[in-house]
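# Residue-level structural notes
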Amino acid sequence: MADQVFHRPGPLKQTNKPHKTGRHRSKGAIDNAMKGKMAEMTISHKHRQIQRREQRRNQMNQLRKAKREEALATKRQLGGQNTAPFLVCILPMHLQIDPKSALTILENCDAEALVERTSTGVTYVNIPRFKQRFAFIIPPVGRGNELAILDYLKVCDTTLMLTSAAMGENEVFDKWGHRMYNMMTAQGIPTPIAALMDLESLNPKARIPAKAAAQKFISKLLPKEKIVQLDTNSDGLNILRRIGGQKKNVLHNRNNRSHLLGDHVEFIDNTESSDQTAELRITGFLRGLPLDVNGLVHIVGLGDFQMSKIVATTDPYKFEKRLEKHVCIVAKADASKQTSLQSENIPDPMDCEQTWPTEEEIQEAEKEVKKMKLIKRVPKGYSEYQTAWIPDVESIEEERECSDDVDGEIERMDSEDDEFMSCDDNSFGDESEKPDSNTEEYVDSTSVSDAAVNDEKYDLEMDFQEERETLNKIKGARADHLWPDEIDTPLDIPACTRFQKFRGLESFRFEKKKLLLAVLPDVHLISYSRTSPWDPKENLPSDYARIYQFQNFDRTKRRILSESKEISGAMPGWYITIYIRNVCKDKWELFKSGRQTDNVVVYGLLQHEHKMSVMNVVLKRTPDSEVPIKSKERLIMQCGYRRFIVNPIFSQHTNGNKHKFERYFRPHTTICATFYAPIQFPPAPILAFKINPDSTLALVARGRLLSCNPDRIILKRVALSGVPMRINRKSATIRYMFFNKEDVEYFKPVKLRTKCGRVGHIKESLGTHGHMKCVFDGQLRSFDTVFMYLYKRVYPKWTYNDCLISCEEDKNEQMQK
């Protein structure tokens, strides 16, 4: 047998490049390395079953069915025979429209409708053909009743906004209606329905254009809403059908709490009591979440109270009425479990008493200091306070050696240098800012006119004090915008004494670093950047001992909201009577005198919502508000279901752990306001009002609740400015920043910045009149200005006061102050 001959490739054999898999191995290389082995996690996992088309279709049908059932269950919670009726607020958006005529149409739209009225003005309409129940309320309409309307809208399910076709195309909403609509949108409008009346009174040819013009106007405000007609009984029936079938808007601030609109209110005066208190009984349908008798309730405009018991009575507005009235006590308050009305912490003066640490604690502290010890270059003769200002880098010159030195290049520093920052003149006391001498001359000067009698009448109607104050605010805001935070160094007081409460900061940077411990690998520690440390617990005011703080606000909010849905007590939809005890007689008389109706709005408070804390809210100026608002100015705040009077301080709404203080709240801007107020869990709408000279309220800002965090650091910035006298490359002689040698030596560790973006530091003092030699990271321009920024933490003032009085009384009180 012949030997087999195999082909052997020669030296000219073509060799192709291998496939490049990158940094990872290919699948074949992995299989060759594993050699058939499988990981334990792969074996332990269940086999992933691939669903067929029928299975996927069945799964989607089940999800769709579950969502449909959930939507139906939510819809069936209102309007049924065993649930609370639909609560509708009839609100005219024009002062010349009569809302009672619309209510008459809705009452007579069905011949079988059952209509009943209560003593407080609530009208119940039962429609047997729909098997639904409706409750209508008409708030007092007119100037000065805006707050009462907002209180009604807090608990309503639907808002029926009325307009008239007889008013013309340009007057669908009048001036009052526009103002009311802005307040409603800021608070949150319940499910809106726009109804057009008086369309039948027009010429038949003009009806279609009038309705189209009204629809065009409504579409700009409410794009998803279609205007409906309300002139005949059939129109009223269509509106009732729409109210009962439309999807309701979700207002979380209302749905997360139990709330009630009082149909019957009884004030039981106890003549035997010596503390001038009485019992208040409020009857109505409970809505929202279950109500716990051991919790607290908030009566809008009256305050927080405790309950003695909750009684469930027979629903008197059912389709089939019962002759016998059943009364059942749902729950009685337990004194051991009832929430206390104490809203402030009572500080103990002995809490600050310190004991001497043990030797072991001293040794541990020394070891920690040695570990965290940093090497700093301290000039000779520096004190410990001055040494603390020196940054952790050895010198600015060594840090900037590698930077490019190019003339004409402007380096932009941190964003806070470009933003406008402000400070409050009142806190400085004896600042050297001079008031404008031309203010009084400008206000007192009057234009000469021939009609002297008309001028006198015009002057009698004007409030020149308010006009003078507004002019001063506008001038101050304009000066703060042009020269933010600039303050002249006083000549008669040393700067080290004048600004002894201020300190320098490297920057406003906020860096988080997660460190893993070797002993406890599951524990994460967060260390902040050392460039600008600021301890939030340092030198706190005495008012901080009266407030409460959460260790984790977001986690506590989630826990309380989840637990509030599972409490036992009166359930939503029941017709109950709440017995509220210890109601002050004087407060009740004042409350009744300031209202035109007898309705009472009651909210059930969540846990901790009556305790005081520091509240931070985000506010945005309304477009029609043009006058700047100064920090610590008196404002009426409506936060969710509460309304109170505070003097907030403003700061920038930015990320980080430090925020700049704002002296003015300018138009078309957004800021964060901080003040003392009772705790409230978000989401909650915020409305800020100011009192006009004619004792009416003006909405100046709207926003939302951010947090209840007392650790928010708000820093007031002061800018001391200087002018370059001589420039020699990177060094320059600066004057007019200080006026004696001691101030230059005292503020030597603080960093300097210029308008053109240069950064430097003080090298030495020249002479005894405040001239100093400074070194920068680049050559200065002759027109440049040198700044030294100093910071001080500011806190709000304890000026919280419940808004339990009318606008006119509040105006008089403000004028007296």
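Just so we're clear, the structure is a prediction, and the values are computed from it rather than from any experiment.

## Section: the overall build of the protein chain
Counting its regular elements, the protein chain contains 22 helices and 34 strands. Approximately 47400 Å² of the protein chain is accessible, and the part contributed by carbon and sulfur atoms is 50%.

## Observations regarding the nonpolar core
By size, the foremost hydrophobic cluster in this structure holds 54 residues, and its most contacted members are I137, M180, M184, L261 and F689. Taken domain by domain, this core gets at least three of its residues from each of domain 1 (75-249) and domain 2 (258-342 + 562-604). Sequence-distant contacts of F689, that is, excluding residues within four places in its chain, are made with L147, L150, M183, L635, I636, Q638, L697, A698, L699 and V700. With 36 residues, the next largest nonpolar core counts M612, F644, F675 and F681 among its residues.

## A look at the state of the cysteines
Throughout the structure, instances matching the rule amount to zero disulfides. C156 provides the cysteine sulfur closest to C89, a residue in no disulfide bond, and the two sulfurs are 4.6 Å apart. Classification of C89 by relative accessible area gives buried; the value is 0%.

## Some thoughts on the packing of aromatic side chains
Under the criterion given, the structure shown has 25 aromatic pairs. Note on F173 and F217: the rings are 5.1 Å apart at their centroids and 80 degrees apart in plane angle, and the pair reads as edge-to-face. Taken together, the residues span a long stretch of sequence, with F173 in the loop between strand 5 (158-164) and helix 6 (175-187) and F217 in helix 7 (residues 204-221) at a distance of 44 residues. Here F173 matches F217 in class, with each residue buried. With a centroid separation of 4.9 Å and 80 degrees between ring planes, the pair formed by Y746 and F747 is classed as edge-to-face.

## So, the packing of helix 5 (residues 146-155) against helix 6
At a minimum axis distance of 11 Å, the contact between helix 5 and helix 6 shows a crossing angle of 40 degrees. With respect to helix 6, the axis of helix 5 lies oblique. With respect to the hand of their crossing, helix 5 and helix 6 are arranged in right-handed fashion. Residues E146, I149, L150, L153 and K154 of helix 5 pack against W176, R179, M180, M183, M184 and Q187 of helix 6. Grouping the constituent residues of the contact of helix 5 with helix 6 by class yields seven nonpolar, one polar and three charged.

## A word on the sheet that holds strand 6 (residues 191-197)
Pairing is mixed in the open sheet, where seven strands are placed in the order 2-3-4-1-5-6-7. Either end of the sheet is taken by a strand with one partner, and the two such strands are strand 2 (114-117) and strand 7 (228-229). Bridge analysis of strand 5 against strand 6 gives seven bridges, and the strand direction is parallel. Among the inter-strand pairings, T163 is bridged to a residue of strand 6, identified as L196.

## Topic: a nonpolar patch on the surface
On the surface, L491, V723, Y736 and F739 cluster together into a nonpolar patch covering about 400 Å² of accessible area. Within the fold, F739 resides in the loop between strand 29 (731-735) and helix 21 (741-746). We classify F739 as partly exposed; its relative accessible area is 32%.

## Regarding helix 8 (residues 233-245)
A rise of 1.5 Å per residue sets the reference length of helix 8, with its 13 residues, at 18 Å; its end C-alpha atoms lie 19 Å apart and thus fit the reference within 8%. Inspection of helix 8 places D235, G236, L237, I239, L240, I243 and G244 among the buried residues, and these make up the whole buried set.

## Re a negative patch on the surface
Judged by side-chain charge, E359, E360, E361, E364 and E368 come together as a negatively charged surface patch. For E368, the position within the fold is in helix 10 (residues 359-371).

## Digging into the pairing of strand 27 (residues 697-707)
Relative to strand 27, strand 18 (residues 612-621) is paired through six bridges, and the arrangement is antiparallel. Within strand 27, the position partnered with R621 by the bridge is A701. In this structure, the hairpin formed by strand 26 (residues 685-691) and strand 27 is closed by a connection of five residues, where S695 is found at a positive phi of approximately 65 degrees.

## Section: the confidence of the model for the protein chain
When pLDDT is averaged across the protein chain, the result is 80; 79% of the residues are at 70 or more. By mean pLDDT, the top-scoring element of the protein chain is strand 22 (residues 649-651) (95), and the lowest-scoring one is strand 15 (residues 524-528) (34). Taken together, the stretch residues 393-453 has pLDDT below 50 and engages in 105 contacts with residues farther than four places along the chain or on a different chain. Ignoring residues within four places in sequence, the model shows residues 805-812, a span with pLDDT below 50, making 17 contacts including any to other chains.

## As for the pattern of salt bridges
Charged atoms that come close allow side chains of opposite charge to pair. Scanning all chains against the criterion turns up 21 salt bridges. Where R287 meets D157, a salt bridge forms, and the shortest distance between an N and an O atom there is 3.1 Å. Note that R287 is positioned in strand 10 (residues 277-287) and D157 in the loop between helix 5 and strand 5, a separation of 130 residues in sequence. We note that R287, like D157, is buried.

## Comments concerning the pairing of strand 20 (residues 635-639)
Two faces make up the sheet, and in a regular strand the side chains alternate between them. Within strand 20, five of the five residues are buried, which leaves the element mostly enclosed by the surrounding structure. For strand 20 and strand 21 (residues 642-646), the ladder comprises five bridges, and the chain directions are antiparallel. Note on strand 21: the bridge partner recorded for L635 is V646. Where strand 20 folds back on strand 21, the antiparallel hairpin that results is connected by two residues, among which G640 adopts a positive phi of roughly 65 degrees.

Reading guide: rules and limits
Residues numbered from 1 in each chain as written. Predicted model: local features only at pLDDT ≥ 70, side-chain atom pairs only at ≥ 80, totals over all residues. Heavy atoms only, no water. Helix = DSSP H or I, 4+ residues; strand = E, 2+ residues; numbered from the N terminus. Areas by Shrake-Rupley, 256 points an atom, 1.4 Å probe, with all protein chains shown as cover. Core = buried A, V, L, I, M, F, W, Y, C linked by side-chain atoms within 4.5 Å. Buried < 20%, exposed > 50% of the residue type's maximum accessible area, 1.4 Å probe, protein only. Domains from an automatic or database assignment. Contact = heavy atoms within 4.5 Å. Disulfide = S-S within 2.5 Å. Phe/Tyr/Trp six-rings, centres within 6.5 Å; stacked < 30°, edge-to-face > 60°. Axes fitted to C-alpha atoms, helices over the stretch in contact; angles between N-to-C directions. Parallel < 35°, antiparallel > 145°, perpendicular 65-115°, else oblique. Left-handed = near helix turned anticlockwise from the far one by under 90°. Nonpolar A, V, L, I, M, F, W, Y, C, P; charged D, E, K, R; others polar. Pairing = 2+ DSSP bridges. Patch = residues over 30% accessible without salt bridge, like charges linked within 9 Å, V, L, I, M, F, W, Y side chains within 5 Å. Salt bridge = Lys/Arg side-chain N within 4 Å of Asp/Glu carboxyl O. Expected span 1.5 Å × (residues − 1). Lys, Arg positive; Asp, Glu negative; His and termini not counted. Charge placed at Lys NZ, Arg CZ, Asp CG, Glu CD. pLDDT = per-residue confidence, 0-100.

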